[in-house]
Amino acid sequence: MIPIALKMLFRDTSKFFGIVMGVTLASMVITWQGSIFIGIMSRTVAVISDMGDPDIWVMDPKVQYIDDVKPLITTDLYRVRGVEGVSWASPLYKGMTRARMEDGQFQNCNLLGLEDSTLTGGPPIMVEGRIEDLRRADGVIVDVIGATTRLAKRPREPGAAPTPLKVGDTMELNDHRAVVVGISRNIRTFQSQPVIYTTYSRATTFVPNERKMLSFILVKAAPGVAPAEVCDRIERATGLAAYTRDEFKGRTIDYFLKNTGIPINFGIAVALGFFVGTVITGFMFFSFTVDNLRYFGTLKAMGSGDGRLLGMILIQSLTVSLLGFGLGLGISAGMGAMTKDSALAFLMPWQLLVVALGATIVICMASAMLSIRRVVTLEPAIVFKG
Amino acid sequence: MRVDATVQDGQNIAVRCRGVTKTYGAGPSAVKALRGVDLDVERGELLMLVGPSGCGKTTLISVVAGVLNRDGGECEVLGEDFARIGPAATTRFRARNVGFVFQAFNLIPTLTVAENVAVPLLINGVSRREAIAKAAEVLSRVGLGDRTNDVPTRLSGGQQQRVAISRALVHDPKLIVCDEPTSALDHATGQRVMELLREVAEGHDLSLVVVTHDARIFEFADRIAEMDDGRIVRLSTGQSHKKAEHELPVVK
Ligand SMILES: Nc1ncnc2c1ncn2[C@@H]1O[C@H](COP(=O)(O)OP(=O)(O)O)[C@@H](O)[C@H]1O
Ligand SMILES: [Mg+2]
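Predicted, not measured: the structure shown is a model, and the values here were computed from it. (Residues numbered from 1 in each chain as written. Chains lettered and ligands numbered in written order. Predicted model: local features only at pLDDT ≥ 70, side-chain atom pairs only at ≥ 80, totals over all residues. Heavy atoms only, no water.)

Participant: Help me out: how do you make sense of the domain arrangement of chain A in this one?
Facilitator: Many authors give the size of an interface as the accessible area that is lost as the parts come together. Structurally, chain A comprises domain 1 (2-43 + 261-384) and domain 2 (73-239). Centre-to-centre separation of domain 1 of chain A and domain 2 of chain A, based on C-alpha positions: 48 Å. (Domains from an automatic or database assignment.)

Participant: Quick question: what am I supposed to make of the interface of chain B and chain A here?
Facilitator: Facing the 28 residues of chain B at the interface are 24 residues of chain A. Carbon and sulfur atoms supply 67% of the area that chain B and chain A bury against each other, a total of about 2,300 Å² over both sides. Taken as a group, Asn106, Thr110 and Ile123 of chain B account for 26% of the area that chain B buries against chain A, more than any other trio of residues on that side. Here chain B is connected to chain A by two salt bridges. The closest approach of N and O atoms between Lys7 of chain A and Glu115 of chain B, which form a salt bridge, is 2.6 Å. Our count for the chain B to chain A interface comes out at eight residue pairs in polar contact (both at pLDDT 80 or more). Secondary-structure elements contributing two or more residues to the side of chain B that touches chain A are helix H1 (57-65), helix H2 (82-97), strand S6 (98-101), helix H3 (113-123) and strand S7 (175-179) of chain B. (Contact = heavy atoms within 4.5 Å. Buried area = accessible area lost by both parts, 1.4 Å probe. Salt bridge = Lys/Arg side-chain N within 4 Å of Asp/Glu carboxyl O. Polar contact = N/O pair within 3.5 Å; in protein donor to acceptor, adjacent residues only side chain to side chain. Helix = DSSP H or I, 4+ residues; strand = E, 2+ residues; numbered from the N terminus.)

Participant: How do you make sense of the nonpolar core when you look at a structure like this?
Facilitator: In this structure, Leu299 of chain A together with Met48, Phe100 and Leu208 of chain B are the most contacted members of the largest nonpolar core, which totals 108 residues. If you tally residues by element for this core, the top one is H3 of chain B, at eight residues. Not counting the four nearest positions on each side in its chain, Met48 of chain B is found in contact with Met194, Val210, Thr212, Ile217, Phe218, Phe220, Ala221, Arg223, Ile224 and Ala225 of chain B. Of all hydrophobic cores here, the second largest spans 39 residues; its members include Leu77, Val83, Ile217 and Ala221 of chain A. (Core = buried A, V, L, I, M, F, W, Y, C linked by side-chain atoms within 4.5 Å. Buried < 20%, exposed > 50% of the residue type's maximum accessible area, 1.4 Å probe, protein only.)

Participant: Even after reading the chapter, I still don't get a nonpolar patch on the surface, so can you show me in this structure?
Facilitator: Residues and elements named next belong to chain A. A surface patch of nonpolar side chains, about 450 Å² in accessible area, is lined by Leu25, Leu272, Phe275, Val276 and Val279. For the nonpolar patch, the leading source of residues is helix H9 (residues 262-291), giving four residues. Here Val276 lies in helix H9. (Patch = residues over 30% accessible without salt bridge, like charges linked within 9 Å, V, L, I, M, F, W, Y side chains within 5 Å. Areas by Shrake-Rupley, 256 points an atom, 1.4 Å probe, with all protein chains shown as cover.)

Here is the structure:
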């Protein structure tokens, strides 16, 4: 009876189309909004993700997330280095600075100061130049998105394209000359501010007003020791907070979830997609069933049990949910691919797909429930009614 | 007034109803559709059920076919009492033993003719290939062998009813119930549909109960049971028999 159920569905072209469109819409809204939400969340941890090398981030215990810098004192670095299981520990400066461009414009930037000797925590990918070039006098590395957008030179005539910042250009960071020695590719940050890398000691000259410079200590666990175990040891030995990279990402995302309107806004959009999808799909699927009620009644009279009819409806509903899910996913993945290099945050991990598929199936099953109820309570004797 | 529409010889009985009652609804709006029906349907006969609109014909065949529960009285169909075997077994019984023909054909418009006819076999668990093959065979017997892959709506009313009859036949049921099978058709087409049903009845021990109010098709009946107001009021032999029509004795 499964082929019969599918034929009843497929050959009712307009209804079939309508139902699949309803599911597609819901699945599209859910996967699209979900991907943007996850994209935005992933940007909040861009700085952590970009630093692939360290396993562990050490910070003041009051720090809640990556942008919440509470400086440490220099001796903390030595204390951390002394903890057993620490392979190496490097200082990191993280702060904001104002860049004054050659054309006189000001722009707020993220400034990262890397340990002079090791340059630990440098950019993941270099587009131009090398990380080591930071050792050259006044050297800074600028991320490519910043270089081509906010830090780009304004065009002379309005309407013309801005000129990207390039290697050899100069700017002023707090009245100190800085020379661009490299361009890196980074994950876009949450506020879309340009990221500027320099050395730890040079960062001191760029931000003279800050007394304490040590924002974070980046730690590598010794081979064979679990990072979580090293975190414990560091915390016990120094009284500082130490988190593995994933833990720190989690804390940062948690902070944004709890303290910003982002999750609510996206939650509402996703819930709306889910709700509208359920209503549209439910309405159309129910109307499909009602249109076929005479035939379900006929099948019932001819000896189809309720279980079999239920199976037919579930198969129909599962089919439209899978088709609609696939279409909706395809559309939002396609749109995501098209906006890949834009400012739009879009990230579609498989976990999101599992959740969206689950939601789509719930929508379709909820819609099918109405239909199933209607068919199960159907009196087979109605087949003789005109 | 009550008519004894029963047959003495118990061996040859497909359907035996005694004092069957059915009331729709309750309270002041209740409708007594069957007020004590006594009726036997013999194996292999074509019994016509006639009477004015609203007298309970459809209700009676619904009870006999096992799609509607009676309220009272007794009713055995092929030796089974639906009230005793319960709904699940009744559903299986219908799948195996009963064929249905409706006034409005009730062919599933999104399935082909052959698929429609195959449905009772599929319900009985026959494989799809076998079911379609058997359906095609029955369809060619009723002269529609070349229309198996059409959708029903491309067929004329008479052809659609022949498809429906094929569907009622395909699984070799013991009982076929037809509710006004010719009402949606013009006279000539209705005659041909009845000829087909007559032919079907000639075979093995298949019984047909045909509800109609079309006097022009009475000639196809073995027996005619007349209903009025929820009861059988008259039973006569149809013209298909060589025997002359006679009225059965009225019993109190
Ligand atoms: N489902 C129902 N609910 C209430 N009354 C019904 C229902 N079905 C039939 N009836 C009533 O029962 C009586 C017999 O109906 P029916 O068996 O359909 O008659 P017929 O087929 O002879 O026209 C009629 O008065 C009809 O209105
Ligand atoms: Mg009727």
